[in-house]
Amino acid sequence: MIQDLHSHTYYSFCGGDTPEQVAEAAIKGGIDVLGITDHNTGVCYCRLDFYTAPDAQRFGGTAERTLRRYYDHINLIREKYRDKIEIKRGIELNTTDDGRNPLPDSADISYYDYCLVECLDSDCTVTRGDIFAYAKRCGTPLVGIAHTDLFRHIRSRGEDPYEYFCRMAEENIFWEMNVSYDSIHNYRVHGYMLDFFADEEKQDIVRRSGALVSIGFDGHRVGDYLPDRIREYNEKLHALGIKRPFEK
Ligand SMILES: [Zn+2]
Ligand SMILES: [Zn+2]
């Protein structure tokens, strides 16, 4: 079962395609489970000019409506393609504490299938580096840690990696391996991902803990999509005996 749990549509300021185009590219690429995870900043503010306006915070009350509207749209896409692909309704959360990036405290996303949390290891994040507390605030059945060198993060908190991953497994928190290779990211490859697939000790810790690991392309343009790359890394995880979210 091939999963891509990280993708963007035009709901993200940086995304270029309709949800249909993203779904169809995944179907064509042989993906079985596709997670659509637009940036909360795009979903909640809809327009870049609105988001960047100095008084954008005044409109925080619209977040509930726009979160629901985005979910409803992705849900329609899920229904439309349900015989061809399983689409998960996700959202990627920027947690940088600059007053407008993070979800407003009142915003409910618990009805989404999952969320991806980014900036966990940033110096100024509303998570304060604590994914366990923030996952509770998110309230989704599954929470993924994206764009993060988790082993480095765990070490910086003075915690034991095995214990940390065990707790992740217990609390339905997974680690996303971002395998992006596209124009919008200047063909940058995440070092933590390469490192993980080269380090048997780290693989062993994650496997023994039972923590889930996902693969995501972080696609922003269907023209750049490399489904074979997604397949390759899904197969690597499978060969390592590491479980993925939504695996049956
Ligand atoms: Zn983006
Ligand atoms: Zn992303």
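Refer to the structure printed above.
Residues numbered from 1 in each chain as written. Chains lettered and ligands numbered in written order. Predicted model: local features only at pLDDT ≥ 70, side-chain atom pairs only at ≥ 80, totals over all residues. Heavy atoms only, no water.

**Q** Tell me about the overall build of the protein, residues and numbers included.
**A** Each helix and strand counted, the protein has 10 helices and 7 strands in total. Scaling as 2.2 N^0.38, a compact globule of 248 residues should have a C-alpha radius of gyration of about 18 Å, and the protein matches this with 17 Å. If one aligns the C-alpha atoms of the protein with their principal axes, the spans along those axes are about 50 × 40 × 30 Å. Within the span of the protein, comprising 248 residues, buried residues form 55% of the whole. Long-range contacts, defined as pairs at least 24 residues apart, comprise 76% of the intrachain contacts of the protein with a sequence gap of at least 6. Just so you have it, the protein exposes about 11,100 Å², and 47% of that area is on carbon and sulfur atoms. Positive and negative side-chain charges of the protein, numbering 31 and 42 respectively, have mean locations separated by a distance of 3 Å. (Helix = DSSP H or I, 4+ residues; strand = E, 2+ residues; numbered from the N terminus. Rg over C-alpha atoms; globule rule 2.2 N^0.38 Å. Buried < 20%, exposed > 50% of the residue type's maximum accessible area, 1.4 Å probe, protein only. Contact = heavy atoms within 4.5 Å. Areas by Shrake-Rupley, 256 points an atom, 1.4 Å probe, with all protein chains shown as cover. Lys, Arg positive; Asp, Glu negative; His and termini not counted. Charge placed at Lys NZ, Arg CZ, Asp CG, Glu CD.)

**Q** Lay out the sheet that holds strand β4 (residues 114-118) with the relevant residues and their values.
**A** Taken together, the 7 strands give an open sheet; going across it, the order is β1-β2-β3-β4-β5-β6-β7, and neighbouring strands pair in parallel fashion. Since the sheet does not close on itself, it has two edges, and those belong to β1 (3-4) and β7 (213-216), each with one partner. Of the pairings in the sheet, the one linking β4 to strand β5 (residues 142-145) comprises 4 bridges and is parallel in character. Each residue of the ladder has a partner; that of Leu116, found in β5, is Gly144. This element, helix α7 (residues 161-170), spans β5 and β6 (173-178) of the sheet and lies at about 110 degrees to β6. (Pairing = 2+ DSSP bridges. Axes fitted to C-alpha atoms, helices over the stretch in contact; angles between N-to-C directions.)

**Q** Talk me through the coordination of the zinc ion (ligand 1); I want residue IDs and the actual numbers.
**A** Of the protein atoms, only Cys14 (SG), His39 (NE2) and His220 (NE2) coordinate the zinc ion (ligand 1), at distances of 2.1 to 2.3 Å. Along the chain, the residues donating to the zinc ion (ligand 1) fall in the pattern C-x24-H-x180-H. If you look at the zinc ion (ligand 1) and the zinc ion (ligand 2), they sit 4.8 Å from each other. Of this pair, Cys14 sits in the loop between β1 and α1 (19-28) while His39 sits in strand β2 (residues 33-39); the two residues are 25 residues apart in sequence, bridging distant segments of the chain. The class of Cys14 is partly exposed, set by a relative accessible area of 25%. (Donors = N, O, S within 2.8 Å, 3.2 Å for Na, K, Ca; no water.)

**Q** Give me the lowdown on the pairing of β7, citing residues and values where you can.
**A** Along β7, one buried face is formed by Val213 and Ile215 and the opposite face, lined by Ser214 and Gly216, is buried too. Of the strand pairs in this sheet, β6 and β7 are connected by 4 bridges, and their pairing is parallel. If you follow Trp175 over to β7, its bridge partner there is Val213.

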